[in-house]
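# Structural characterization, general
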Amino acid sequence: MKLTLSLMGILFATTLTAGISAAHAAEYPLPPDDSRLIGENTTYVVPNDGKPLEAVAAKYQIGLIAMLEANPGVDPLLPKPGTVLTIPSQMLLPATKREGIVINLAELRLYYYPKGENKVVVYPIGIGQLGRSTPEMVTSVSQKIPNPTWTPTPNIRKIYLKEQGITLPGVVPAGPENPMGLFAMRLAAGQGHYLIHGTNANFGIGMRVSSGCIRLRPDDIEALFKSVPKGTRVQVINQPIKFDVEPDGKRYVEVHQPLSHTEKDDPQTMPIALNAALKKFKADHATNKDVLTDAITRRSGMPVIVNQGSADVNKPPVAESISSL
């Protein structure tokens, strides 16, 4: 599944309808240190309401590409009524320090571990587009900015003029028309050009559409802004494959489409390098190598059980029939 994201953005900008229900934050109890599996997948039956897939994604706190990974072939602009969609709400926590904010670029998710609380809050995000990628880094929140203005760099102004014919002002004032939304948190890395901020266009969440910053839906950035203290640790990683052996012995792998490097790359088919730990996991006698290979090929973005004898255990959940959003 190869998506032309700039075109998708334009289409969604003109297609989204008003009245999409606000979603509650996706909070999960923090599992023990020897476990990383959280959440549970559900399903949703598309009603005959003419709403795009983004409406369903927003309701369930899912990014658009995550919905498309889990439901290949579904029309993102007008899902067919009666279609049973998988809602990919189960995931493996990244194999990183459970502190502050962890952003996994490949899965287009932000994990927030509130200090002193036994929970993790997960948000879908938009990240840097091809050629303006969000870098991997370990940094911190250096500044919290309510009602931010936007000062586009000279390079961004040139790109807007060349690609869209738009002449950006030197400074875009705060307000509902500001593409940074109403809340922003500046990161300490580099010259402070990278921010976690809101947006005035929900269609970009769960996609590669920004100039390098991390975007959240308006309700999500407001909640995150209010709960994240200045100085909070922020780690940005790029792990298209996560894997784990749970305490009950179940072996899981979760595979996302890798980030493309050129316009010719197809994230659904481009190779994913296996690190030493994953090669060891694959070689273990308890791992069903055929199921693991199928999971890497399928790239569903959801945890898959890969134990020996597990070929038939990865079945979708029972459908949840909802008439409207």
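Source: prediction; values computed, not measured.

With that settled, the discussion passes to the nonpolar core. Of all hydrophobic cores here, the largest spans 43 residues; its most connected members are Ile-103, Leu-110, Ile-196, Leu-216 and Leu-224. Top contributing element to this core by residue count: helix α3 (residues 64-70), with five residues. Excluding anything up to four places from it in sequence, Leu-216 contacts Leu-110, Tyr-123, Pro-124, Ile-125, Ile-196, His-197, Gly-198, Thr-199, Ile-205, Ile-221 and Leu-224. The next biggest cluster of nonpolar side chains, apart from the first, holds 13 residues, and it includes Leu-278, Phe-281, Leu-292 and Ile-296.

As a further point, take the pairing of strand β6 (residues 100-104). The buried fraction of β6 amounts to five of the five residues, a majority that puts the element mostly inside the structure. Where β6 folds back on strand β7 (residues 109-113), the antiparallel hairpin that results is connected by four residues, among which Leu-108 adopts a positive phi of roughly 55°. Looking at chain direction, β6 and strand β15 (residues 233-237) are connected through four bridges and run parallel. Pairing of Asn-104 across the sheet is with Ile-237, part of β15.

For the coordinates displayed, the defined rule picks out three cavities of 30 Å³ or more. Its volume calculated, the largest cavity comes out at about 90 Å³. Lining the largest cavity are 13 residues, with Gln-61, Ile-62, Gly-63, Arg-109 and Pro-124 sitting closest to its centre. Elements with a minimum of two residues in the lining of the largest cavity: β1 (26-29) and β8 (119-124). In terms of residue count, the dominant contributor to the lining of the largest cavity is β8 (three residues). Tallied by class, the residues present in the lining of the largest cavity amount to nine nonpolar, two polar and two charged.

The residue Pro-240 is located in the loop between β15 and β16 (241-245) in this model. Taking the C-alpha atoms as reference points, Pro-240 and Glu-254, 14 residues apart in sequence, are found 8.0 Å from one another. Here Pro-240 is in contact with Ala-106, Glu-254, Val-255, His-256, Pro-258 and Ile-272, once residues within four sequence places are set aside.

Another aspect to go through is the confidence of the model for the chain. Per-residue pLDDT for the chain averages 87, and the proportion of residues at 70 or more is 87%. Predicted confidence is poor over residues 1-22, with pLDDT under 50, and the contacts of this stretch with residues over four places away or in other chains come to 39 contacts. The model gives residues 318-325 a pLDDT under 50, and that stretch makes 23 contacts with residues more than four places away or in other chains.

What follows is about the sheet that holds strand β17 (residues 251-255). Across the sheet, three strands lie side by side as β16-β17-β18; this open sheet has antiparallel pairing. Edge strands, defined here as strands with exactly one partner in the open sheet, are β16 and β18 (303-305). Averaged over all pairs of adjacent strands, the angle between strand axes in this sheet comes to 25°, irrespective of strand direction. Sheet topology note: the β17/β18 ladder contains three bridges and is antiparallel. Bridge pairing in β18 places Glu-254 opposite Pro-303. In the packing of helix α6 (residues 276-283) onto the sheet, contacts are made with β16 and β17, and the angle to β16 comes to roughly 50°. The sheet contacts of helix α7 (residues 289-298) involve β16, β17 and β18, and relative to β17 the element is tilted by about 20°.

What follows deals with the packing of aromatic side chains. The description of an aromatic ring pair uses the distance of the two centres, along with the angle that the planes make with each other. On inspection of all chains with the given rule, the structure shows three aromatic pairs. Between Tyr-44 and Tyr-60, the ring centres sit 6.0 Å apart and the planes meet at 70°, which makes this aromatic pair edge-to-face. Placement of the pair is Tyr-44 in strand β3 (residues 42-45) and Tyr-60 in the loop between α2 (53-59) and α3, with a sequence separation of 16 residues. Just above the ring of Tyr-60 sits the side chain of Lys-59; from NZ or CZ to the centre is 5.7 Å. When the ring centre of Phe-225 is taken as origin, the NZ or CZ atom of Lys-144, which lies over that ring, is 4.7 Å away.

Turning to helix α4 (residues 154-164), a few remarks are in order. Turning to α4, its buried residues are Ile-156, Ile-159 and Tyr-160. Seen from one end, α4 has its buried residues packed into an arc of 100°, which puts them on one side. α4 presents Pro-154, Lys-158 and Lys-162 as exposed residues on the side facing more than 90 degrees away from its buried surface. Positive backbone phi, approximately 70°, marks Gly-165, located one or two places after α4.

Glancing now at the sheet that holds strand β12 (residues 195-197). As summarised here, the arrangement of the nine strands in space is β1-β8-β7-β6-β15-β10-β11-β12-β14, forming an open sheet in which the pairing is mixed. Single-partner strands in this sheet number two, and they are β1 and β14 (214-215). Looking at chain direction, strand β10 (residues 137-146) and strand β11 (residues 183-187) are connected through five bridges and run antiparallel. Paired with Val-141 across the bridge in β11 is Leu-187.

Criteria and thresholds
- Every residue gets a number counted from 1 within its own chain, in the order that chain's sequence is written.
- Predicted model: local features are reported for residues with pLDDT of at least 70 only, side-chain atom pairs are reported and counted for 80 or more only, and whole-chain, interface and lining totals are derived from all residues.
- By convention in this description, side-chain values take in all heavy atoms of the structure and omit both hydrogens and water.
- To qualify as a nonpolar core, a set must consist of buried Ala, Val, Leu, Ile, Met, Phe, Trp, Tyr and Cys residues joined through side-chain atoms within 4.5 Å.
- Each residue's exposure class comes from its accessible area (1.4 Å probe, protein chains only) as a fraction of the maximum for that residue type: buried when under 20%, exposed when over 50%, partly exposed otherwise.
- Every helix listed is a DSSP run of H or I at least four residues long, and every strand listed is a run of E at least two residues long, numbered separately from the N terminus.
- Contacts were defined at the residue level, with two residues in contact if any of their heavy atoms lie within 4.5 Å.
- Two strands pair if DSSP finds at least two bridges between them.
- Any residue with an atom within 4 Å of a point lines the site, the site being either a cavity, points on a 1 Å grid over the protein atoms alone where a 1.4 Å probe fits but cannot get out, or a pocket, an open set with protein on both sides within 12 Å along at least 5 of 7 lines.
- Grid points are joined across faces, edges and corners, and a volume is the space filled by probe spheres set on the points.
- Just so you know the grouping, Ala, Val, Leu, Ile, Met, Phe, Trp, Tyr, Cys and Pro go in nonpolar, Asp, Glu, Lys and Arg go in charged, and all remaining residues, Gly too, go in polar.
- As a per-residue measure, pLDDT tells how confident the predictor is, with possible values from 0 to 100.
- Only C-alpha atoms enter the line fits that serve as axes; for helices the fit covers just the stretch in contact. Angles between N-to-C directions range over 0 to 180 degrees.
- What counts as a ring pair is set by centres within 6.5 Å for rings of Phe, Tyr and Trp (its six-membered ring), and what kind of pair is set by the plane angle: stacked under 30 degrees, edge-to-face over 60, tilted for all other angles.
- To sit over a ring, a charge needs its Lys NZ or Arg CZ within 6 Å of the ring centre and within 35 degrees of the ring normal.
- Directions pointing from the helix axis toward each C-beta atom define the arc.

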